[in-house]
Amino acid sequence: MLSIFKSLLDSLTQTAEESPQERTHALQLATAVLLVEVMRADPAVEPRERKAVVGALQARFSLPDDELRQLVELAEQTAVGASDFFQFTSRINDSFAHPQKIQMIEEMWQIAFADTRLDAHENHLISKIAALLHVTHGEYIGAKMRAKERARLA
């Protein structure tokens, strides 16, 4: 399975010749990379943040545990080498309906709040990604408040 994700990494931005399965895997990877980036934005990555990433991906894609583990592993490797977010956000913009994008921003906030504190880098990153996903400021704040309440930090 890891080899499938790795091959998709090479063609993440090329959608013309992809099969439906390849498009699905590329979307999963793009989503995972952005969620992992929120986890990585905090200088001290904690197990609770990793668990929140895995939980968000499991809820969204319903993958078997081994595929989910491999997806997160590849997303971490991909995030380290990524120079920008456009290749990931453009994939999501092409595939997700607007409510799904808002839900993704809320998932990012859940990851940021998983360790019960919000790092300034996490805040900045989520704001940047929300803008790239065309999520309005009001929707961004609403997602933040819902995630904060869910984390019982309100």
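Shown above is the structure to which this text applies.
Residues numbered from 1 in each chain as written. Predicted model: local features only at pLDDT ≥ 70, side-chain atom pairs only at ≥ 80, totals over all residues. Heavy atoms only, no water.

This next bit is on the overall build of the protein. Scanning the protein from N- to C-terminus turns up eight helices and zero strands. Reading the helices (α) and strands (β) of the protein from amino to carboxyl end gives α-α-α-α-α-α-α-α. Per-residue burial for the protein yields a buried fraction of 46% across its 154 residues. Counting contacts in the protein only where the partners sit at least 6 residues apart, residues at least 24 apart contribute 75% of the total. (Helix = DSSP H or I, 4+ residues; strand = E, 2+ residues; numbered from the N terminus. Buried < 20%, exposed > 50% of the residue type's maximum accessible area, 1.4 Å probe, protein only. Contact = heavy atoms within 4.5 Å.)

When glycine is set aside, most residues are seen to have a negative phi, and most peptide bonds are trans. The phi dihedral of T116 falls on the positive side, at around 70°, and the residue is not glycine. Relative to the helices and strands, T116 is located in the loop between α6 (98–113) and α7 (120–132). Backbone geometry at H134 places phi at a positive 65°, although glycine is not the residue there. Considering the arrangement of structural elements, one finds H134 in the loop between α7 and α8 (137–150).

Between the first and last C-alpha of helix α4 (residues 65–81) there are 25 Å, a value that for 17 residues agrees with the 24 Å anticipated at 1.5 Å per step. Looking at α4, one finds that the buried residues are E67, L68, Q70, L71, V72, L74, A75, T78 and A79. (Expected span 1.5 Å × (residues − 1).)

Time to look at the nonpolar core. Of all hydrophobic cores here, the largest spans 43 residues; its most connected members are L57, I105, M108 and W109. Elements that contribute at least two residues to this core include exactly α2 (20–41), α3 (47–61), α4, α5 (86–95), α6, α7 and α8. With eleven residues, the single largest contributor to this core is α2. (Core = buried A, V, L, I, M, F, W, Y, C linked by side-chain atoms within 4.5 Å.)

Taken as a whole and judged by the stated rule, the model has two aromatic pairs. Ring centres 5.8 Å apart and planes at 20° place the aromatic pair W109 and F113 in the stacked group. Here the residue W109 and the residue F113 both occupy positions in helix α6, the gap between them amounting to four residues, near one helical turn. With a relative accessible area of 0%, W109 lands in the buried category. Here the aromatic cluster, defined as three or more aromatic residues joined through ring pairs, consists of W109, F113 and Y140. (Phe/Tyr/Trp six-rings, centres within 6.5 Å; stacked < 30°, edge-to-face > 60°.)

On to the environment of L29. Relative to the helices and strands, L29 is located in helix α2. As for L29 and L57, which are separated by 28 residues in sequence, their C-alpha atoms are 9.9 Å apart.

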